[in-house]
Amino acid sequence: VSEGVYMADNKKNKNNDNLWNTNYGIAYCHFQQKNYEQARKLFEKVTASNSRLSSMAKADAYNRIGDTYYYAKDYANAERYYGIALTNNASAGDYSLYQEAMMSGLQKQHAQKIRKLDRLMSEYPKSTLRPSALLEKAQAQIALGDNNAAAATFDRLVDQFPQSAEARKGLLQLAITYKNVGRESDALAAYKKVVSKYPSSEEAVLAVEDMKVMYAQNGNIDELQSFLSKHEGAPQIDVSELDRLAFTSAEKAYLSDSHDASKLKSYLKKYPSGTYVVNANYYLADNEYRAGRHDAALQYIDYVLAH
């Protein structure tokens, strides 16, 4: 029987339970096919006051209406319908409340988002959404500029759900946050924690990429290599990259203080056939010339000219 004929037959009796169930099923078909506007219209029918659907099914329909508004980027209406869903079935409303919180965040109402997430974790202590709620709470705290509170929330996330994807993401986000506000030592500590706790994760790869830059800038790339070697499965730095990072570190140190060429000399000692040997000799020639040691400067220049 076609959808149209079946619906027509059922419309003869608007109280027929099949009518509501059919609308409900067809609404889901449209929803899964991403026909969100059509799905919304049918879900609205099944949430009518005389609907025979259970409170749980009604709440589900309201959640889907909220989803359709969310996909349309109408966050205010999405938040409203998630709230209605929660009212209809509070016993299983963790999804509704979580989505409400997310819509608050998307409207830049970060304090309200935090309150709703706290409510979710209080009223639904066994919800599978708790790790996500903690991650989102910390991100809302960062958006409000409260990095210390965010750090405490991230710590709570890692402590309570150490094996979750949210914990890995949270630690990495914490490190990035510290780095962005200039708290370099805290950032390095957080990055190290990502690597030590989750050495083979994608987050560890991203952490090491940032750490390489930071250690190179500080002239301590060997320290990073030593740290990584102690964690099985952690990303390692290959020889060519170590060469590059070591020279970058030495170059930065010299450019910040042309009187001190010790890191350049260390680079040449460790990488006598390195990619940047000529560059290092040029800087050393400059250093000797500035110090008035012209004969030594000429030796370095001769090497540069010969290569």
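Conventions adopted
Residues numbered from 1 in each chain as written. Predicted model: local features only at pLDDT ≥ 70, side-chain atom pairs only at ≥ 80, totals over all residues. Heavy atoms only, no water. Axes fitted to C-alpha atoms, helices over the stretch in contact; angles between N-to-C directions. Helix = DSSP H or I, 4+ residues; strand = E, 2+ residues; numbered from the N terminus. Parallel < 35°, antiparallel > 145°, perpendicular 65-115°, else oblique. Left-handed = near helix turned anticlockwise from the far one by under 90°. Contact = heavy atoms within 4.5 Å. Nonpolar A, V, L, I, M, F, W, Y, C, P; charged D, E, K, R; others polar. Core = buried A, V, L, I, M, F, W, Y, C linked by side-chain atoms within 4.5 Å. Buried < 20%, exposed > 50% of the residue type's maximum accessible area, 1.4 Å probe, protein only. Phe/Tyr/Trp six-rings, centres within 6.5 Å; stacked < 30°, edge-to-face > 60°. Lys NZ or Arg CZ within 6 Å of the ring centre and 35° of its normal.

Q: I'm lost on the packing of helix α10 (residues 165-180) against helix α11 (residues 184-197) in this one. Help?
A: When two helices pack together, you describe them by how their axes are tilted relative to each other and by the distance separating the axes. Close contact between α10 and α11 brings their axes to 7 Å; oriented N to C, the two are set at 160°. The angle between the axes of α10 and α11 places the two elements in the roughly antiparallel class. Here α10 and α11 pass one another in a crossing that is left-handed. Facing L171, L172, A175, I176, Y178 and K179 of α10, the residues of α11 in contact are D186, A187, A190, Y191, K193, V194 and K197. Residue composition of the contact of α10 with α11, by class: 9 nonpolar, no polar and 4 charged.

Q: What is the right way to look at the nonpolar core in this model?
A: In summary, soluble globular proteins display a tendency toward joint burial of nonpolar side chains. F43, V195, L264 and Y267 are the most contacted members of the largest nonpolar core, which totals 81 residues. Take this core: its biggest share by element is 7 residues, from helix α12 (residues 202-218). Here L264 is in contact with F247, A250, E251, Y254, A280, Y283 and L284, once residues within four sequence places are set aside.

Q: Which parts of the structure should I look at to understand the environment of K169?
A: Looking at the secondary structure, you find K169 in helix α10. Given a relative accessible area of 46%, K169 falls into the partly exposed group. Taking C-alpha positions, K169 is 29 Å from S240, a pair spaced 71 residues apart along the chain. Ignoring anything within four residues of it in the chain, the contact list for K169 reads L135 and E203.

Q: Teacher, can you tell me more about the packing of aromatic side chains here?
A: Any aromatic ring pair is given by two values, namely how distant the centres are and how the planes are angled relative to each other. Throughout the structure, instances matching the rule amount to 19 aromatic pairs. With a centroid separation of 5.6 Å and 20° between ring planes, the pair formed by Y69 and Y81 is classed as stacked. With Y69 in helix α4 (residues 55-71) and Y81 in helix α5 (residues 75-88), this pair connects stretches of sequence that are 12 residues apart. Note on Y69: relative accessible area 13%, which makes it buried. Their ring planes at 5° and their centres at 5.0 Å tell us that F247 and Y276 sit as a pair that is stacked. Of the two residues, F247 is situated in helix α14 (residues 239-256) and Y276 in the loop between α15 (262-270) and α16 (277-290); the sequence distance between them amounts to 29 residues. Counting every residue linked through ring pairs, the aromatic cluster contains Y24, Y28, F31, Y36, F43, Y70, Y71 and Y75. Positioned above the aromatic ring of F31 is the side chain of R64, whose terminal nitrogen or guanidinium carbon lies 6.0 Å from the ring centre.

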